[in-house]
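So you can see what is in the structure, the chains are spelled out below.
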Amino acid sequence: MDGRLKAKVKALTRELAREEQARLHAAGTMVELEELACEIGDEFTSQLMSLEMANRCDEAAEAVTCECPDCGNCCGQGDGKSRRLAGLRGEVKYHEPVFHCPACRRSFFPGSRPGGPLGPGDGDAEVVAENGLGGGQPKQL
């Protein structure tokens, strides 16, 4: 982590510690204090991940059409889907755009295409499995 980011995290941590002083002080043991700190860290991570996923999906949703990853046809956007994934540090929530290919009769998220907004392997689990990429796919809730 670079120095600038460390300084930002330190400032946010001090602010949060002031706001949560009562809870931090009430943690009697080192284990209780660490559990509280992990709970706060996990919530921060979950919200940061959700925010970034939402930003990437918003970027992908700006496209009116998208090329089908199977046949290459130009496909229109359908209704998006709300997603909840279990990440390493908590739940990640976002709304992803969905495109539909009438020729292949399949729906897909633009992230399943190489170079898509989420990169290869983050959109379509079947495509990831077929390509032998991934393996550690987030669990869908």
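Reading the values: rules and limits
- Residues numbered from 1 in each chain as written.
- Predicted model: local features only at pLDDT ≥ 70, side-chain atom pairs only at ≥ 80, totals over all residues.
- Heavy atoms only, no water.
- Helix = DSSP H or I, 4+ residues; strand = E, 2+ residues; numbered from the N terminus.
- Buried < 20%, exposed > 50% of the residue type's maximum accessible area, 1.4 Å probe, protein only.
- Contact = heavy atoms within 4.5 Å.
- Areas by Shrake-Rupley, 256 points an atom, 1.4 Å probe, with all protein chains shown as cover.
- Expected span 1.5 Å × (residues − 1).
- Salt bridge = Lys/Arg side-chain N within 4 Å of Asp/Glu carboxyl O.
- Polar contact = N/O pair within 3.5 Å; in protein donor to acceptor, adjacent residues only side chain to side chain.
- Pairing = 2+ DSSP bridges.
- Axes fitted to C-alpha atoms, helices over the stretch in contact; angles between N-to-C directions.

A.B. asks: Looking at this model, I keep getting lost on the overall build of the protein. Mind explaining?
C.D. replies: A tally of helices and strands in the protein yields four helices and seven strands. Going residue by residue from the N terminus, the α and β elements of the protein occur as α-α-α-β-β-β-β-β-β-α-β. Per-residue burial over the protein gives 23% buried out of 141 residues. Expressed as a percentage of contacts within the protein between residues at least 6 apart in sequence, the contacts between residues at least 24 apart total 46%. Carbon and sulfur atoms form 53% of the exposed surface of the protein, whose accessible area is close to 9,800 Å².

A.B. asks: Any chance you could explain helix H3 (residues 30-61) here in plain terms?
C.D. replies: An α-helical turn contains 3.6 residues, so a residue and the one three or four places further along point in the same direction. If you check H3, its first and last C-alpha atoms are 46 Å apart, about what 32 residues at 1.5 Å a residue would give, namely 46 Å. Among the residues making up H3, those that are buried are Leu36, Ser46, Ser50, Met53, Cys57 and Ala60. Residues of H3 that are buried in the fold lie against helix H2 (21-26), strand E4 (90-96) and strand E5 (99-101).

A.B. asks: Any chance you could explain the pattern of salt bridges here in plain terms?
C.D. replies: Note that side chains of opposite charge can pair when their charged atoms are close. The full count for this structure, using the stated rule, is eight salt bridges. Two residues, Arg106 and Asp70, come together in a salt bridge whose shortest N-O distance is 2.8 Å. Pair noted here: Arg106 is in strand E6 (residues 106-108) and Asp70 is in the loop between strand E1 (65-67) and strand E2 (74-77), with a separation of 36 residues, a long-range link. Its relative accessible area of 14% is what places Arg106 among the buried residues.

A.B. asks: Got a minute to help me understand the side chain of Glu96 in this structure?
C.D. replies: In this structure, Glu96 sits in strand E4. Side chain to side chain, Glu96 and Arg83 meet in a polar contact 2.8 Å long. Glu96 has contacts with Cys57, Gly80, Lys81, Arg83 and Phe109, leaving out every residue within four places of it along the chain.

A.B. asks: So what exactly am I meant to see when it comes to helix H1 (residues 3-19) here?
C.D. replies: Compared with the 24 Å implied by 1.5 Å per residue over 17 residues, the 24 Å span of H1 between its first and last C-alpha is a close match. Residue Asp2 occupies the N-cap position of H1, its side-chain oxygen lying 3.2 Å from the main-chain nitrogen of Arg4.

A.B. asks: Got a minute to help me understand the sheet that holds E6 in this structure?
C.D. replies: Two strands in a sheet stick together by hydrogen bonds in their backbones, pointing the same way (parallel) or opposite ways (antiparallel). Taking strand neighbours across the sheet as the criterion, the four strands line up as E1-E2-E5-E6 in an open arrangement whose pairing is antiparallel. Both edges of this open sheet fall to E1 and E6, since each of them pairs with a single strand only. The sheet shows a mean angle of 40 degrees between the axes of neighbouring strands, taken without regard to direction. In this sheet, E6 lies alongside E5 in antiparallel orientation, the contact comprising three bridges. Note on E6: the bridge partner recorded for Cys101 is Arg106.

A.B. asks: It is not clear to me how the side chain of Ser50 should be interpreted in this structure. Could you clarify?
C.D. replies: Mapping Ser50 onto the fold places it in helix H3. Residues contacting Ser50, with those up to four places away along its chain left out, are Glu91, Val92, Lys93 and Tyr94.

A.B. asks: I keep staring at the pairing of E4 and nothing clicks. Help me out?
C.D. replies: Regular strands have side chains that alternate between both faces of the sheet. Judged from the seven bridges that link them, strand E3 (residues 81-87) and E4 form a sheet pairing that is antiparallel. Note on E4: the bridge partner recorded for Lys81 is Glu96. Hairpin connection, E3 to E4: the antiparallel pair is bridged by two residues.

By themselves, these figures tell us nothing about what the structure is for.
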